[in-house]
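Chain residues, written in single-letter form:
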Amino acid sequence: MKNFIYADNAATTQLDAGAFEAMKPYLLNDYANASQPYAFARVSKKALQESREIIAECIGAEPEEIYFTSGGTESDNWAIKGSTFSNNGRRKIITSTIEHHAVLRTCEDVEKLGFSVRYLPVDSLGYIQEDVLSEAIGNNTRLVSIMFCNNEIGTIQDIASLAEIAHKNGAIFHTDAVQAVGHFPIDVKAVGTDMLSASAHKFNGPKGIGFLYIKNGTDIISYMSGGSQERNLRAGTENVASIVGMAHALKTNIQTLSANMEHLRCLEETLLDLLNENHIKFVRNGGSVIPGNISLSFAGYEGEAILHRLDLLGICVSTGSACDSKATQISHVLKAIQLDEKLARGTIRISFGKNNTIQEARCMAEALCRILK
Amino acid sequence: MKIDCVICGKEYLDKDTLGINKKLLGESVENFYCQACLAEYLGCTVQELIDKIEEFKEEGCTLFI
C-alpha cells in the first residue's frame, strides 16, 4: 500500500479529534441560537463565553477583545476596512509586499476608494526593516498591517518593534497571525498589536471559523451589517459548534506548544540532514522561520513537477510557482525576496504538522532524493 | 514528429503522453516514456497518470491541448 504523507499544514491541518468531539453536542443537541432569550439557548451562550475566555487566555487577551469571524480572510478584511473606514482623517495604509492575498487584495480595494497604500519591500530573508517602516510612516498613516509570519517562507517578523513604530506615529497596528497562532507563543499585550487575525483550520480546528483580536479602545467600525452579535461589531448568528471546536483545538495546541515546536524542529533536521547526506543541492528560504515550515529551492528543477511527482508517491506539499495556461507564475513572495528565477521556479514548501512523524520526514527525504537525483 | 518510448520502443507517443512527460519530468525533457513505462519509472499506476492528465486539461494546461 502506498504511503500517505500530508506535509501541507500551512494550507490546512487535520481537525483535532478532541475538537470534533467537543463540537458534536452543539451540532446535534444544543443547537439553539445563542442570541435567543429562552432557557434552551443558555448552553450555547455559556459555550460561547467559555470559548472566548479560552482563546483570550491562549493569546494573552481579555475575553471581550476576541471577536468571532468566519476565518482569516474575514478577519483581515475587517481589520483593514473597519479601521480605515472609521474615518479619523488619516488616509494611508502601510503593509508589505509579502502579505497574504487576504491583506493585499483588501488593500487594493481600499486604494480604489481613495486611500493610499504603501507596500514595504523585504530583504532576501523576508524581513521588513524597521528603518524602512520609519521612513514610510507619517502623520497621515491610519494603519500598519504586517503579517506575524509568512505562509510561504515562514519568516517571523519582529512584530513588537514594528508595532512600536506604528504607535509612535499614531497609527493602528494589525498583524495577520494566521500561520502563527497555535504554533508559536503569542502574547498580544507583550507584542503590542492592536489587532490580530487567526483562522482555526490552521491550528487543527474546523474550517470556516476564526477570530479577530481587537484591543479594547481600538477605533474600528463594523464590517458585517445585520444583527447585534459580537457587541454590535460582527453581525451573524454565532457558529457555536465551530467556535467550541476552535477553542478546544487552540487550547490543545497551546498546552503542548513547546513539545510541538521541538518535534517540528526535529522533523526539519531529519529531512535536511538526509538531503545533505545525499548531496542534494538546495537553498532554504526565509530567516528565522515558524517551526515546520520549510521552503526549499532546487535550481534546474520545476517546483510544480516535484509537487506532482511527490503526489504520485502519496506525499502532499505545496509549490512556490505554478503553471497557468500560458506560463509558469512565480509567487509574489519569492519575487519579493528577489530569489533567482531558476531557484524560484524550483521551489516547494513542505509544512510539517504536529502529527507528522520522523519516519515520514525520512520518507519525504527519500522521495525527494529519488526525484532530484 | 514521431516520438517513441525510450524504454520499450512504443511508437508514436500521443500528445497526452508527451504532455505528462514534460509536466512530470520537466519541459526540457529529451527522452520520453510511454504511459506504462512512465508509471513504472515514477512508482505509480497508469490510471494515476491518466487522472493527472485529466486534471491538467481541466486547468487549461496548453501541453495537453
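Above this text you will find the structure in question.
Below, the structure is looked at part by part. Note that the structure is predicted; figures quoted are calculated from it, not measured.

Next up on the list: the overall build of chain A. When helices and strands are tallied, chain A shows 14 helices and 15 strands. Taking 21 Å as the expected radius of gyration for a compact globule of 373 residues, we find that chain A reaches 21 Å, a close match to that expectation. Across the 373 residues that make up chain A, the buried fraction comes to 57%. A separation of at least 24 residues holds for 72% of the contacts in chain A among residues at least 6 apart in sequence. When the accessible surface of chain A is split by element, carbon and sulfur atoms take 51% of a total near 15300 Å². Here chain A contributes 35 positively and 42 negatively charged side chains, and the mean placements of these two sets differ by 4 Å.

In a beta sheet, neighbouring strands pair by backbone hydrogen bonds and run either parallel or antiparallel. All names here are of chain A. Read from one edge of the open sheet, seven strands run E2-E8-E7-E6-E5-E3-E4, paired in mixed fashion. Single-partner strands in this sheet number two, and they are strand E2 (66-69) and strand E4 (116-120). Averaged over neighbouring strand pairs, the angle between their axes works out to 20° when direction is ignored. Sitting on the sheet, helix H2 (residues 42-59) touches E2 and strand E8 (210-214), and the angle it makes with E2 is about 115°. Taken strand by strand, helix H4 (residues 101-112) contacts strand E3 (92-96), E4, strand E5 (141-145) and strand E6 (172-176), and its axis lies near 150° from that of E4.

With that settled, consider helix H6 (residues 159-168) of chain A. Residue and element names in this part refer to chain A. Along H6, the residues that are buried comprise Ile159, Ser161, Leu162, Ala163, Ile165 and Ala166. Against the buried residues of H6 lie helix H5 (130-136), E5, E6 and helix H7 (188-191). In the stretch just after H6, glycine 170 is the one whose phi turns positive, near 75°.

Let us now look at the packing of helix H1 (residues 17-28) of chain A against helix H9 (residues 240-255) of chain A. Residues and elements named next belong to chain A. Interaxial distance between H1 and H9 falls to 8 Å at its minimum, and their mutual angle equals 160°. Considering their axes alone, H1 and H9 lie roughly antiparallel with respect to each other. Relative to H9, the crossing made by H1 is right-handed. Across from Gly18, Ala19, Ala22, Met23, Tyr26 and Leu27 in H1, the residues of H9 making contact are Val240, Ala241, Ser242, Val244, Gly245, His248 and Ala249. Its residues assigned to classes, the contact of H1 with H9 shows nine nonpolar, four polar and no charged.

For the rest of this paragraph, the subject is the nonpolar core. All names here are of chain A. Among the nonpolar cores identified, the biggest contains 66 residues, and Ile66, Val144, Val181, Leu196 and Phe211 are the most heavily contacted of them. No other element matches H9, which puts eight residues into this core. Setting aside chain neighbours within four positions, we find valine 181 in contact with Ile186, Leu196, Ala198, Phe203, Phe211 and Leu250. Counting 29 residues, the second-largest nonpolar core is a separate cluster that includes Leu296, Phe298, Leu307 and Ile348.

Cut-offs used in this document
- Residues numbered from 1 in each chain as written.
- Chains lettered and ligands numbered in written order.
- Predicted model: local features only at pLDDT ≥ 70, side-chain atom pairs only at ≥ 80, totals over all residues.
- Heavy atoms only, no water.
- Helix = DSSP H or I, 4+ residues; strand = E, 2+ residues; numbered from the N terminus.
- Rg over C-alpha atoms; globule rule 2.2 N^0.38 Å.
- Buried < 20%, exposed > 50% of the residue type's maximum accessible area, 1.4 Å probe, protein only.
- Contact = heavy atoms within 4.5 Å.
- Areas by Shrake-Rupley, 256 points an atom, 1.4 Å probe, with all protein chains shown as cover.
- Lys, Arg positive; Asp, Glu negative; His and termini not counted.
- Charge placed at Lys NZ, Arg CZ, Asp CG, Glu CD.
- Pairing = 2+ DSSP bridges.
- Axes fitted to C-alpha atoms, helices over the stretch in contact; angles between N-to-C directions.
- Parallel < 35°, antiparallel > 145°, perpendicular 65-115°, else oblique.
- Left-handed = near helix turned anticlockwise from the far one by under 90°.
- Nonpolar A, V, L, I, M, F, W, Y, C, P; charged D, E, K, R; others polar.
- Core = buried A, V, L, I, M, F, W, Y, C linked by side-chain atoms within 4.5 Å.

The values reported here are purely geometric and, on their own, carry no functional implication.
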